[in-house]
Amino acid sequence: MRDMRKDPRLDFGRAQARRFLSDLTSRQPPIRPELDRELEERFQQTVARRFPDDPVVGEELPPLGEWVGSGWLIDPIDGTSNLRQGLPWYGTSLAYFEEGRPVLGWVCDPARGEIYEAIAGHGATVEGMPIHLAELPSSALVAVARRWRRSHPGWRNHLPAGIKDRLLGATALELAWVARGILGAGAWAHTRVFDIAAGWLLVREAGATIYSSYGRGGDSSWAPLQTGDPIGVRFDLVAGHPAQDLARLAVNQVEALASQRHLELPRGLQVHDAHVV
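Conventions adopted
- Residues numbered from 1 in each chain as written.
- Predicted model: local features only at pLDDT ≥ 70, side-chain atom pairs only at ≥ 80, totals over all residues.
- Heavy atoms only, no water.
- Pairing = 2+ DSSP bridges.
- Helix = DSSP H or I, 4+ residues; strand = E, 2+ residues; numbered from the N terminus.
- Axes fitted to C-alpha atoms, helices over the stretch in contact; angles between N-to-C directions.
- Contact = heavy atoms within 4.5 Å.
- Core = buried A, V, L, I, M, F, W, Y, C linked by side-chain atoms within 4.5 Å.
- Buried < 20%, exposed > 50% of the residue type's maximum accessible area, 1.4 Å probe, protein only.

1. Focus on the sheet that holds strand β4 (residues 101-109)
What links the strands of a sheet is backbone hydrogen bonding, and the strands pair in either a parallel or an antiparallel sense. Across the sheet, which stays open at both edges, the seven strands sit in the order β1-β2-β3-β4-β5-β6-β7 with mixed pairing between neighbours. Two strands bound the open sheet, and with one partner strand each, they are β1 (56-58) and β7 (129-131). In this sheet, neighbouring strand axes are inclined to one another by 20 degrees on average, regardless of whether the strands run parallel or antiparallel. Relative to strand β6 (residues 124-126), strand β5 (residues 114-119) runs antiparallel, the two sharing three bridges. Pairing of Glu117 across the sheet is with Thr125, part of β6. Contacting β2 (71-78), β3 (91-98), β4 and β5, helix α1 (residues 8-25) crosses the sheet at an angle of about 25 degrees to β4. Relative to the sheet, helix α2 (residues 35-50) contacts β1, β2 and β3, its axis offset from that of β2 by approximately 155 degrees.

2. Topic: the nonpolar core
In terms of nonpolar packing, the biggest core is built from 69 residues, with Phe43 and Trp72 touching the most fellow members. For this core, the element with the most residues is helix α6 (residues 193-206), which contributes ten residues. For Phe43, the contacting residues outside a window of four places in its chain are Phe12, Gln16, Phe20, Val56, Trp72, Ile74 and Leu94.

Structure below.
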């Protein structure tokens, strides 16, 4: 893996993240329904001018270019419903992939005026300040997505006493808060790649424990998205603070449920292969 700190896409991505932050910081309801598409279209046009060979895959528009393992993935507004209702839990997820893996990632938190950044192999930051989960206390709050709750009945019974769950409705932002230690852990089911690519890189670089159902060996490795359209890929993902390892408890719950129902585990979700990165 080459050093992305020397790639011009790093400064480009930083500038785009700052622009998205500015775009969304001052937004107040009512929010125009077409805002998501407008922001993604502008990003596509900007990439086409600066890096004409880079594909762009996002939530709102048909892909720009052909995906062959490298390119940009974007969700211009993650948590659109929250934004439209005036709830301060929404953001932008932007990631750059190389050889099928995320190597640069940004999550914008407009309500708090912050940008999270991750560079593969070189750590995670928030507003330029390094994040090291091992140096932070583990939060008693965990984010549990609605799809996870539906897919894994009884999940609450496997969490320790005193742990409180939250449903915030913005996957990228929840992952950023796990990376920062605001949330002790999170569990998400059937998420799309452009929702979690930047956040996955953030939690990995911050030192979280990670388990994914789309990966090799059930650990933090990312199964390369080499060909085809990554929009169709769905992930189950759990991540958490390494000290308390609430992520492992979530995976144990899935194993117990699968055993009770005589089901096969999702591809790659194997606890014995997992490790802390």
